[in-house]
Amino acid sequence: MKLYSYFRSSAAYRVRIALNLKDLPYETVPVHLLKNGGEQLSPEYRQLNPNGVVPTLIDDMAVGKMASHSTLNQSLAIIEYLEEIYPHVALLPSAPIDRAFVRNIALSIACDIHPLNNLRVLRYLVRELKVDEEAKNKWYRHWCETGLAALEAQLAADTRVGKFCYGDTPTMADCCLVPQLFNAQRLQCDLSGMPTLMRIYAHCLQLDAFVRAAPENQPDAEA
């Protein structure tokens, strides 16, 4: 498998965690989101991913078995695919109601929090709306803190939460939570009122799969 990735991309980070948790070997193909006007916007890369974002996963192991096309986009769709094709380490619970609970957490991050703060939005704020750096960072922190506070309230009140978002083994929800908290810390969000999220984050970072997926441990990592 090949994973087109950028070391600080939350979405690519999610997939790296999932691949590691399932112990699936893959090759990282760096796509720098800032250099040369953004390598994700090149015609060559857009042939793989017309949206011009990362990640993109190519799973040639699937060709000949059940798929005629092996190129996958969208981080949660990729993780769901990995769950179906390589189920040996489950990232979703067995009961439908609990699978929905895990998906709810993952989607709250991937659909409600992250899109308001991804690189395309922040660039538009600066380049088109002429927002200065301080205002841009204020925008980021507001929406990130608002979304995470809602997630904290939900998880703090749910008895299914254990060491991780669901029980005592990591799931797709944790694959999404860790990258979001990493970037929230990097952008100096106020996480002091989120003890449940930070406790889960700490447990995740004790696992090798999360450590190997961390931005600083990627082949394209920069200071």
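Counting of residues starts from 1 at the beginning of each chain's written sequence and follows it residue by residue. Totals for whole chains, interfaces and linings use all residues, but because this is a predicted model, local features are given only for residues with pLDDT of at least 70 and pairs of side-chain atoms are given and counted only at 80 or more. In computing side-chain properties, one takes all heavy atoms of the structure into account and sets aside hydrogens as well as water.

Under an unreviewed UniProt entry, the name given to the protein is Maleylacetoacetate isomerase, and the source organism is Glaciimonas soli. UniProt positions are given in the numbering used here, feature names are shortened, and annotations may be inferred rather than shown by experiment. Listed under Sequence similarities (unreviewed entry) in UniProt, the entry text for the protein is "Belongs to the GST superfamily. Zeta family."

**Focus: helix 1 (residues 10-21)**
Each helix corresponds to a stretch of at least 4 residues labelled H or I by DSSP, and each strand to a stretch of at least 2 residues labelled E; elements are numbered beginning at the N terminus. Expected span of a helix: the number of residues minus one, times 1.5 Å. Taking 1.5 Å of rise per residue, twelve residues should cover 16 Å, and helix 1 covers 17 Å from first to last C-alpha, within 8% of that figure. Accessibility here uses a 1.4 Å probe with only protein chains present; expressed as a share of the type maximum, an area under 20% marks a residue as buried, one over 50% as exposed, and anything in between as partly exposed. The buried fraction of helix 1 amounts to twelve of the twelve residues, a majority that puts the element mostly inside the structure. When we look at burial in helix 1, the residues that qualify are Ser10, Ala11, Ala12, Tyr13, Arg14, Val15, Arg16, Ile17, Ala18, Leu19, Asn20 and Leu21. Buried-residue contacts for helix 1 involve strand 1 (2-5), strand 3 (56-58), helix 3 (75-85), helix 4 (96-113), helix 7 (172-186) and helix 9 (208-213). Here, two residues are considered to be in contact whenever any of their heavy atoms come within 4.5 Å of each other.

**Re the UniProt feature "domain: GST C-terminal" (unreviewed entry) in the protein**
UniProt's entry tags residues 95-223 with the feature "domain: GST C-terminal" (unreviewed entry), counted in the numbering of this structure. Along residues 95-223, the helical share is 64% and the strand share 0%, with 43 Å between the first and last C-alpha atoms.

**What to know about the nonpolar core**
Here, nonpolar core refers to any group of buried Ala, Val, Leu, Ile, Met, Phe, Trp, Tyr and Cys residues whose side-chain atoms link them within 4.5 Å. Core analysis: the largest hydrophobic core is formed by 56 residues, its most contacted members being Leu82, Leu148 and Leu155. Of all the secondary structure elements, the ones that give two or more residues to this core are helix 1, helix 3, helix 4, helix 5 (119-127), helix 6 (133-156), helix 7, helix 8 (195-204) and helix 9. Per-element tally for this core: the top contributor is helix 7, with nine residues. For this core, the domains that each give at least three residues are domain 1 (2-90) and domain 2 (96-210). Apart from residues no more than four positions distant in its own chain, Leu155 is found in contact with Phe101, Ile105, Val161, Cys165, Thr196, Leu197 and Ile200. The split into domains, and so the bounds of each, comes from an automatic or database assignment of domains.

**Some details on the packing of helix 1 against helix 7**
Packing of helix 1 against helix 7 leaves a shortest axis separation of 8 Å and a crossing angle of 135°. By the angle class used here, helix 1 and helix 7 are oblique. Of the two elements, helix 1 crosses helix 7, and the hand of that crossing is right-handed. Side by side, helix 1 and helix 7 meet where Ser10, Tyr13, Arg14, Ile17, Ala18 and Leu21 of the first sit next to Cys175, Cys176, Val178, Pro179, Phe182 and Asn183 of the second. Helix axes use the C-alpha atoms of the stretch in contact, all axes being lines fitted to C-alpha atoms, and the angles between their N-to-C directions lie in the range 0 to 180 degrees. An angle below 35 degrees is read as roughly parallel, one above 145 as roughly antiparallel, one from 65 to 115 as roughly perpendicular, and any other as oblique. Handedness of a crossing is defined here by the sense of rotation of the near helix relative to the far one, left-handed for an anticlockwise turn of less than a right angle and right-handed for a clockwise turn.

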